[in-house]
Amino acid sequence: MISLANIFNTFQMVGMKLLQTNVERLVDRVNNSTLLEDRRDACRALKAMSRKYRVDVGAHGMDTLKQVLELDRADNETINYALDTLNNVMYPTQFEEEEDNPHVPMNIGEQFTEMFIKDHHNIQLVLDLLDEFDFRVRLSAVQLLTSLLTNRPKDIQEIILVKPMGVSKMMDLLGDPREVIRNETLLLLIKLTRGNANIQKIVAFENAFDRLFDIVSTEGFSDGGIIVEDCLLLMLNLLKNNSSNINFFKEGSYIQKMLPMFNTPDESEDYGWSPQKVSNVHCMLQIVRTLVSPSNAIQIISSCQKIMKNVGLLDALCNILMASGVPADILTETINTVGEVIRGDVVNQEFMGNVMAPSNPPRPAIVVLLMSMVNEKQPFSLRCAVLYCFQCYLYHNEMSQASLVQTLLPSSSDVSSLTSGHLLCGGLFSSDVLSNWFAAVALTHALIENPGQKEQLLRVLLATNIGSAPVSLLHQCTLTLQQTTKLQPKVALLMLLSQWTAHCPAAVSAFLKVPGGVGYLVNQTCSNEHDENEYLLQGLSAFLLAICIHFNDDSVENYSKDSLKQLLLKRIGIETFTAKLSEVTKHELYNKAAKHPQLRVKMASEILIDYEFCRLFKVLESVITQSLTVKQENGTAEPERASPDDATLEQYKNLIRQQDARLQQLMQQVEGLIQHNNQLQSALNDSIASNSHLKDENTLLKAQVSAHPVPVPVPVRGTSDSEYEARLNQLTLEVTRLDGELEEAREAEAKAVQELEKTKKDQDDLLELLADQDAKLNEYKAKLAALGLPAHDAPALAEPPHAHAHAHTPA
């Protein structure tokens, strides 16, 4: 009995065959029709089918469409249909018409792109079509290149890079009077320049910055539409991690041209900021930060910072900083940008220190920013930005560091005025853990590479309770460290105390005098908690304890250098101590913080380690570890000897010999591994080359099967299975036999090659003997001629040997 399912499957198979027949018929018309109108109609029909049936059109018509691009250049309409069809076939995402067919692979466009670019001449065909002024042809060619770059960006970049005038053709389109083509070209260039320094340089030297600034100016700068954002994104691609283009941008006076982007009207709070203006200004701030990024060369950063100050760009940024009605994300990015513009430049830092906020009473902008940092109600990203800006304000500036510490010292000035030092002290001991962390790190940056301010900060006194005697800031920090149970304040105080005591014996002495300070560090280091954060705390405590030993001047009687060393050896042990110390660098957040001076975190829980502390730890870890180890060895052996003896020297020599032998062994292993790797690479290349053609065919077949699943009846188990198994066994035996024959053929070939080499060698030997005989014969002929006897010609060589003997007898 015939079921409905069988009827449906039959109709489905018939429909699939009809579809394939229609596509093949259209492709045949394009190939064989002599009338241009007929070929054009067939291309139009293929374009109409390519969105819903792209698998069939791509599988059967791709080669034909490439021929159309090459042979029908004279007819713009046909070329336009061919380009649109290819673009539909290789479009990166699914069309709405394909949503009903779940069997079409999501990456079908990428698969067809891979097949299309195997022949690099295809890309040249599309690039040549950019020269056509026809609107539809030029637009379709740009859109096709954009789709290709979306699917296979690296491959297309490498192809275009070697094509003559390839980039120049695209750059010329930025001057096209038709805005649609210009805008599509911007999108194309954004994809083309992403992550390829060579293409970025070519685009920049094709006058890209002038053209882009002209477009930005025409569109209305920051108040313009999305085209302004596209221009700025392209600029950002050209400048990011490209020192050559940054120099070109700087020396070409393009920094001045950015200034109109940051002009904000006085009544900005009334007009508000549109979402597009927010995006535009954000992109421009990103460009400014790219020019002065800490990852750039120092010379580039310094020169860009000076230009930004001289042309008024820093002033404009500070105006945005102090303006009202600025969106929070723009304010946050502006604070980060100002920080990097002033980082390490004394003139710019001084300018920032003199900026006054329009408040009542007027306050320095730095103080207003710090008020936001220690206010727990402010957005988290804004508080992080303020900390980074303040760190940049203090970076390599002893005057800024000294002025901050001075605000904490006793003074005869107006005590009622709010200062940066007061704000940081308040944040350091507040109930908000983030304020604790921010304030501690900010204070830490006032002490970096500045021993004088470390000693000055020891003079800071705090009144903890009414009627009680004041205590020093270091004393209060140490007590807070022992009392707090929160992770972030603990880590922050340990970082502050480590930076404070490093290279400062006076701070070490002050810390050792605090009751319970040393005992807390020892107990924390000896702790057996097995949590990642606990490991970090143990390592930081061990680090601070080691600093107290290394920089100890023995001014505290009970905690001299030797007594602390003995305490460490007895309570902790050198091996345990070094193991605890190594846990710091294993922490995930340590490695994240060590990469960049700016905090790059998304959540408050990710704040733990500061970049400058990572630098301090890297510098001192090996120094203090080596110091403690050497001191321990010297402490046990000092009574017996005062100088190295012959035995020790011999021991070092033996160690050097062992290391040298081990080095030679490792070098041999490396050479062997390199040879093995080369062999494997050669085999891999052979496999890739042999499978390339099969891969293309397999891709087409899988795509066709996925797009048109053919229902296959389930076979009845029985004789069919046995037949399949027998056939499979037969094929397996055949493959085994062929493998054997192949191996025999290879062995025979190897023997033949050896035999050939041997024959060649014998032949060379014979030729060499023949040459010697010829030389001797010529010599004998010369002697006969000298004696006046006749010499035989060449045929005499064929005579028997005794004839020559008779000829030589008279001589």
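These remarks concern the structure in this document. Owing to the predicted nature of the structure, the values given are computational and were not obtained by experimental measurement. (Residues numbered from 1 in each chain as written. Predicted model: local features only at pLDDT ≥ 70, side-chain atom pairs only at ≥ 80, totals over all residues. Heavy atoms only, no water.)

**Some thoughts on a negative patch on the surface**
The grouping of E529, D531, E532 and E588 at the surface amounts to a negative patch. Relative to the assigned elements, E588 resides in helix α34 (residues 588–593). Owing to a relative accessible area of 57%, E588 belongs among the exposed residues under this scheme. (Patch = residues over 30% accessible without salt bridge, like charges linked within 9 Å, V, L, I, M, F, W, Y side chains within 5 Å. Areas by Shrake-Rupley, 256 points an atom, 1.4 Å probe, with all protein chains shown as cover. Salt bridge = Lys/Arg side-chain N within 4 Å of Asp/Glu carboxyl O. Lys, Arg positive; Asp, Glu negative; His and termini not counted. Charge placed at Lys NZ, Arg CZ, Asp CG, Glu CD. Helix = DSSP H or I, 4+ residues; strand = E, 2+ residues; numbered from the N terminus. Buried < 20%, exposed > 50% of the residue type's maximum accessible area, 1.4 Å probe, protein only.)

**Focus on the layout of surface pockets**
As a volume, the largest pocket reaches approximately 590 Å³. Along the walls of the largest pocket sit 30 residues, with Q286, R289, E333, Q598 and R600 positioned nearest its centre. Of all elements in the fold, only α16 (275–291), α19 (328–342) and α22 (380–394) reach the threshold of two or more residues within the lining of the largest pocket. Here the lining of the largest pocket gets 7 residues from one element, more than from any other, and that element is α22. Across the lining of the largest pocket, the residue classes break down as 10 nonpolar, 13 polar and 7 charged. (1 Å grid on protein atoms, 1.4 Å probe; cavity = no way out; pocket = protein on both sides within 12 Å on 5 of 7 lines; lining within 4 Å. Points joined across faces, edges and corners; volume = space filled by probe spheres on them. Nonpolar A, V, L, I, M, F, W, Y, C, P; charged D, E, K, R; others polar.)

**Considerations on the state of the cysteines**
Evaluation of the coordinates by the stated rule reveals 0 disulfides. The thiol of C389 is not disulfide-bonded; the next cysteine sulfur, from C392, is found 6.5 Å away. On the basis of relative accessibility, which here comes to 1%, the residue C389 falls in the buried class. (Disulfide = S-S within 2.5 Å.)

**Considerations on the side chain of R343**
Following the sequence through the fold, R343 ends up in the loop between α19 and α20 (346–354). Buried within the structure, R343 lacks any salt-bridge partner; E612 is the closest side chain of opposite charge, at an N-O distance of 4.5 Å. Residues in contact with R343, not counting those within four places in the same chain, are P294, Q305, Q349, Y388, C392, Y395 and P597. (Contact = heavy atoms within 4.5 Å.)

**Looking at the pattern of salt bridges**
Two side chains carrying opposite charge are able to pair once their charged atoms lie near each other. Applying the stated criterion to the full structure yields 27 salt bridges. Between K257 and D210 there is a salt bridge, and its shortest N-O distance comes to 3.0 Å. Of this pair, K257 sits in the loop between α14 (243–251) and α15 (268–271) while D210 is found in helix α12 (residues 208–219), placing the two residues 47 residues apart along the sequence. Judged by relative accessible area, K257 falls into the partly exposed class, the value being 34%. For D210, a relative accessible area of 22% gives the class partly exposed. Its salt-bridge partner being K250, residue E251 comes within 4.0 Å of it at the nearest N-O pair. Looking at E251, the relative accessible area reads 61%, which means it is exposed. The structure contains a network of salt bridges with shared partners spanning R40, D41, R44, D75 and E77.

**Some points on the packing of aromatic side chains**
The geometry of an aromatic ring pair comes down to the distance between the two centres and the angle between the two planes. Counting across every chain of the model gives 15 aromatic pairs. When the centroid spacing of 6.1 Å and the interplanar angle of 40° are considered together, the rings of F613 and F617 count as tilted. With F613 and F617 both in helix α35 (residues 611–637) and 4 residues apart, the pair spans about one turn of that helix. The exposure class assigned to F613 is buried, which follows from its relative accessible area of 1%. What makes F617 buried here is its relative accessible area of 0%. Linked through ring pairs, F205, F209, F213, F248, F249 and Y254 together constitute an aromatic cluster. Looking at R178, its charged tip hangs above the ring of F133, at a distance of 4.0 Å from the centre. (Phe/Tyr/Trp six-rings, centres within 6.5 Å; stacked < 30°, edge-to-face > 60°. Lys NZ or Arg CZ within 6 Å of the ring centre and 35° of its normal.)

So far we have only geometry, and geometry alone does not tell us how the molecule works.
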